[in-house]
Amino acid sequence: MRSDNRFLDDLAKVANGALAAAAGARQEVEHIVQRRFERFLNERGWVTREEFEAVRDMAATAREEQEALAARVEELEKKAAARRSPARRAAGAARGRGTGAETRKPPAEPGG
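**Student:** I'm lost on the overall build of the protein chain in this one. Help?
**Tutor:** Regarding its fold elements, the protein chain presents three helices and zero strands. The secondary structure elements of the protein chain, listed N-terminal to C-terminal, are α-α-α. Sorting the 112 residues of the protein chain into buried and exposed places 2% on the buried side. Carbon and sulfur atoms form 56% of the exposed surface of the protein chain, whose accessible area is close to 10700 Å².

**Student:** Just to check I follow, could you spell out the pattern of salt bridges for this structure?
**Tutor:** Two side chains with opposite charge may pair up if their charged atoms get near one another. Tallied over the entire structure, the rule returns seven salt bridges. R26 is paired through a salt bridge with E30; the nearest N and O atoms lie 3.2 Å apart. Linking R26 with E30, this pair stays in helix 1 (residues 2-43), spanning four residues, or about one helical turn. Note on E30: relative accessible area 41%, which makes it partly exposed. One salt bridge connects E74 with K78, and the closest N-O pair in it is separated by 3.7 Å.

Criteria and cut-off values
- Residues numbered from 1 in each chain as written.
- Predicted model: local features only at pLDDT ≥ 70, side-chain atom pairs only at ≥ 80, totals over all residues.
- Heavy atoms only, no water.
- Helix = DSSP H or I, 4+ residues; strand = E, 2+ residues; numbered from the N terminus.
- Buried < 20%, exposed > 50% of the residue type's maximum accessible area, 1.4 Å probe, protein only.
- Areas by Shrake-Rupley, 256 points an atom, 1.4 Å probe, with all protein chains shown as cover.
- Salt bridge = Lys/Arg side-chain N within 4 Å of Asp/Glu carboxyl O.

Put into structure tokens, the structure is as follows:
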């Protein structure tokens, strides 16, 4: 009976060793398959989910900044247009500043 116990113990050790080796081989195969799949995707120009999300977030940030700048430009254009309004120029002429037309010289005549 004692020899049977020893035989079963040895058999269990061999089985555990085989399972450990199989688990290691499985991990190695998974790693190789993953690397080949990534190479396949890279060769075709595809991106990972993480890369896609990073670029999407950058694009969203850039869009928000662009919209804020567009609003600021619109506001500045309104202010500039208000400064150039005809009513304001007329008010300046009434105070004696003129529109600038009085200070212009007539064009020189050709040949003279």
